[in-house]
Amino acid sequence: MALSSGPLSAELTAGVAVTDRDPSPARRPGKRRRASDEGTRGGLTSLLGFLPLAFLLVFGGIPIVLSLLLMLGHLGGPNSAVSSLGQDEIPGRGIGTLGAITQLFENHAYLQDISATAIVFVVTSAVVLVFATTLTLWHRLRPSRAIATLQFLAVIPLFIPVVIASFSLWTFWGSRGFTNSLAQLAGISNALIFSGKLQGVVLAEVWVSLPFAVLLMRAGVASLTDSSLDAARDAGARPLTVAWRIALPQLRKEATIVFCFTAVGVLGSFTVPYIIGPSSPLMLGVDAVNTFSSYNQPQQAAVIGFTIFVLAALIGCLYALGSRRRRVGR
Amino acid sequence: MVVKRRRLLVGAGAAVSCLTLSVGFGAGVSAAAGRTAHAKAHANPYPKSLHGGFAFYSGGDTNVEQLWQDVLIPSFNRAYPHIKINYVFSEHGTNDVTTLDRVAQAVKNHQSSGFALLESATNAVELAARQRLFIPVTTKAIPNSANVPSASMAVVKNDAVPYRGSKVVLAYNSATVKNPPKTLAQLLSWIKANPGKFAYCNPSGGGSGQYFIEDVLNQYLSKSAVNTLAFNHATSLEAGWSKGMAVLHSLNSDVYGNGTYPAGNTQVLTLLGSGAVQMAVVWSDQSTSALQDGQLPKSVKLTDITPAFAGSPVYLGVPKYTPKNQVRLVDAFLNFILSVPQQAKVVKRLAGFPAIKVSLMTATVKSEFTALGEAESLPYSAQVVSDMERVWQQDVP
């Protein structure tokens, strides 16, 4: 079992080895005690190892299965409480029905919601990746106080609650907000209003996601060896060439993680698009909550949940692919 | 503030000939008694020696949390020092539906849900009442419930009891709007004549937007249809919404931000306060509080239009299969909350309507809110509202 190769297990093995080297009768009872302790500890280790799995199964796996059954129209059993209160349900027999799925996917507005969500998480992740990489790499290649300050500022949103930030940004980018007031001073009316628009969602998601990305990329950049960078500089390479040809190829894994984690975070976000986003199209997170709570359609909400799940799985594939390429490259 | 509030406080409820007096609940009682000496007092069946505890789930905004935590529960604990209330709060009612599911499952299994009392920011309590998940309210168990207008009780088929209310009104900046609209038709004309200067919120996020939409939709429905939709999930009548939805769709380019619908009630107030819009539909209690706090300038005025926007009591329900000893404690609590002195505190703290007949309140308390009058229109029932929000989302933005 993989768990037996952990540090605790190694310690136990060492204990057994010491005992085996000392076979005196006087120590035998002790040996039996240790053997008994080993068994207890081994059981404890297995139990501790099993707990996270059990936790995932109970609080993650079972709800997913129940949602899948609800989506397919199995309204009885554990889903009976939810379905007794829900509206517009489509019951299924046998394996189930795809009625709720086709109902949503035949709805043009829902397809627009999926497109909007995909655009927002791809654009946000790309922008976050570029910003985080530029900030951290620039500081590594051309250290300066200004860039260090920028890096520090980029981490601050981590300590501001998202709901507070969202309300603030909604006001900041509104028609009477700072940005539009600035535009009006310059003689341009209503040019910099981002509240109630997808652009606003992207900007706010970048603001929220940047701290984690900067921290992650900073760790990746710190792991770059000075020798490889210095060798390139000695050969006359400019900073941009060093970054593009030497540093970035070594940061592929970190870049993949930043992109994928940001994408998954944006995909499942609710507060930012709910407060800042447009009334239509909706991001899928908002759509799911509205469908479940406001429209009282738990079955359709389960379909939206599974759409998010599929998109997240695609991002997961990208992550796996990115990690594998790195290993092959080595 | 409350994100979504539904149902109504109908002024034309059954005539209540007596005033309930909660015995021994502070100085307010004597004042009320002096004012309505002719009224018959209901005896309080719950002695001060009652002891035990129960869990109370509450969904709402921070002002609701403060009302319970800072005002009503401490007052109750002074009257009943041996009853402990475990107050579980969910901001904006984000856990309303999951809590309702939990209660539904428990009732189905003939078990206690763990919560002895429920309040929701959404329509969860009304929905639960219609699904018969609550213990029916009787005047024997809660004598002060006799003072609640019968129409308010009819909405939930006597399976829950309101404890406060509010209604939606039109707010406008009197500095720029000299002649505010008096009717819905005039309001719609004003919106088209002043593009970008009017806002109503997304109905999924705020009841003020919901009631504005209902007012527009009801123009094209008969009175009997509106009345039916207030009490029944009559899906066949929902086809009559198409004309109203088309009118709302046509307003897209004329409302704030070319069809930007703020997520909730609070954001509408922010737009009004900042001058981004000159007119909006708002909750009477929220806007009155905002005017008192200075969040809205004094130039903002509140008014009714014809037909009036709906009003909305907020309900409390006791799930079936709650242990009997806890039900007794909860009934004592509800009876206390519905007493005149406590209702006066609700009015003062939230600038809202009392759940009991307005005529039973003191003149001072009445002056806090009666300038706008009581709500006169019936909002849609919980399931109809769910349908309306879905159709609006598809047809309007």
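Only a predicted model underlies this, so the values are computations on that prediction, with no experimental measurement involved. (Residues numbered from 1 in each chain as written. Chains lettered and ligands numbered in written order. Predicted model: local features only at pLDDT ≥ 70, side-chain atom pairs only at ≥ 80, totals over all residues.)

S.K.: An account of the overall build of chain A is needed here, citing residue identities and associated values.
M.R.: Each helix and strand counted, chain A has 15 helices and 0 strands in total. When burial is assessed residue by residue, chain A has 33% of its 330 residues classed as buried. Taking the intrachain contacts of chain A between residues at least 6 apart in sequence as the baseline, contacts between residues at least 24 apart amount to 69%. (Helix = DSSP H or I, 4+ residues; strand = E, 2+ residues; numbered from the N terminus. Buried ≥ 20, exposed ≤ 12 C-beta atoms within 10 Å, placed from the backbone. Contact = placed C-beta atoms within 7 Å.)

S.K.: Quick rundown of the overall build of chain B? Include the residues and the values.
M.R.: Secondary structure summary: chain B contains 15 helices and 9 strands in total. Taken over 397 residues, chain B has a buried fraction of 54%. Residue pairs in contact within chain B that sit at least 24 positions apart in sequence constitute 80% of those at least 6 positions apart.

S.K.: Before we move on, can you summarise the domain arrangement of chain B with the specific residues and values?
M.R.: Residues and elements named next belong to chain B. Each domain of chain B was delimited in the assignment, giving domain 1 (27-166 + 312-372) and domain 2 (167-311 + 381-395). The straight-line distance from the C-alpha centre of domain 1 to that of domain 2 is 28 Å. Facing 12 residues of domain 1, the contacting portion of domain 2 comprises 14 residues. Secondary structure elements with two or more residues in the side of domain 1 that touches domain 2: helix H4 (124-130) and strand E4 (161-173). In terms of residue count, H4 provides more of the side of domain 1 that touches domain 2 than any other element does, 3 residues in total. Here the side of domain 1 that touches domain 2 is built from residues that sort into 5 nonpolar, 5 polar and 2 charged. (Domains from an automatic or database assignment. Nonpolar A, V, L, I, M, F, W, Y, C, P; charged D, E, K, R; others polar.)

S.K.: I'd like a description of the interface of chain A and chain B, backed by residues and values.
M.R.: Across the boundary between the two partners, chain A contributes 24 residues, which contact 25 residues of chain B. Elements represented by at least two residues in the side of chain A that touches chain B include exactly helix H3 (80-85), helix H13 (271-276) and helix H14 (284-294) of chain A. Top contributing element to the side of chain A that touches chain B by residue count: H3 of chain A, with 5 residues.

S.K.: Talk me through the packing of helix H7 (residues 162-172) of chain A against helix H9 (residues 198-222) of chain A; I want residue IDs and the actual numbers.
M.R.: All names here are of chain A. Running from N to C, H7 and H9 point in directions that differ by 145°, and their axes come no closer than 11 Å. Of the two elements, H7 crosses H9, and the hand of that crossing is right-handed. Contacts from Val-162, Ala-165, Ser-166 and Leu-169 in H7 reach Ala-204, Trp-207 and Val-208 in H9. Residue composition of the contact of H7 with H9, by class: 6 nonpolar, 1 polar and no charged. (Axes fitted to C-alpha atoms, helices over the stretch in contact; angles between N-to-C directions. Left-handed = near helix turned anticlockwise from the far one by under 90°.)

S.K.: Describe the confidence of the model for chain B, listing the residues and the values that go with them.
M.R.: Chain-level pLDDT for chain B is 82 on average; 86% of the residues reach the 70-or-more range. Prediction confidence for the complex, expressed as pTM and ipTM, is 0.76 and 0.76 respectively. (pLDDT = per-residue confidence, 0-100.)

S.K.: Lay out the packing of helix H5 (residues 108-141) of chain A against H9 of chain A with the relevant residues and their values.
M.R.: When two helices pack together, their arrangement is given by the angle between their axes and by how far apart the axes lie. All names here are of chain A. Viewed as axis vectors pointing N to C, H5 and H9 meet at an angle of 40°, and their least axial separation amounts to 7 Å. Between H5 and H9, the angle falls in the class oblique. For the pair H5 and H9, the crossing hand works out as right-handed. Considering only residue class, the contact of H5 with H9 consists of 19 nonpolar, 4 polar and 3 charged. (Parallel < 35°, antiparallel > 145°, perpendicular 65-115°, else oblique.)

S.K.: Just give me the short version of the pairing of E4 of chain B, but keep the residues and values in it.
M.R.: Residue and element names in this part refer to chain B. Judged by how many residues are buried, E4 sits mostly within the fold: 13 of 13 residues are covered. Relative to strand E8 (residues 311-317), E4 is paired through 6 bridges, and the arrangement is antiparallel. Pairing of Ser-166 across the sheet is with Ser-312, part of E8. Here E4 pairs with strand E9 (residues 353-354) via 2 bridges, running antiparallel. Note that in E9 the partner of Gly-165 across the bridge is Phe-353. (Pairing = 2+ DSSP bridges.)

S.K.: Describe the pairing of strand E6 (residues 279-283) of chain B, naming the residues involved and giving the relevant values.
M.R.: Residue and element names in this part refer to chain B. Within E6, 5 of the 5 residues are buried, leaving the element largely enclosed by the surrounding structure. Residues of E6 alternate between two faces, with Met-279, Val-281 and Trp-283 on one and Ala-280 and Val-282 on the opposite face, all of them buried. For E4 and E6, the ladder comprises 5 bridges, and the chain directions are antiparallel. Looking across to E6, one finds that Val-168 is bridged to Trp-283. In this sheet, E6 lies alongside strand E5 (residues 198-199) in parallel orientation, the contact comprising 2 bridges. If you follow Phe-198 over to E6, its bridge partner there is Met-279.

S.K.: Account for helix H3 (residues 96-108) of chain B, with residues named and values stated.
M.R.: Its 13 residues give H3 of chain B an end-to-end C-alpha distance of 18 Å, which sits within 8% of 18 Å, the value for a rise of 1.5 Å per residue. Every buried residue belonging to H3 of chain B is among Asp-96, Val-97, Thr-99, Leu-100, Asp-101, Val-103, Ala-104, Ala-106 and Val-107 of chain B, and all of these are buried. Tucked into the core, H3 of chain B has its buried residues touching H3 and H14 of chain A together with strand E1 (52-60), strand E2 (83-91), strand E3 (117-119) and H4 of chain B. Of the residues one or two after H3 of chain B, His-110 of chain B is the one with positive phi, at around 60°. (Expected span 1.5 Å × (residues − 1).)

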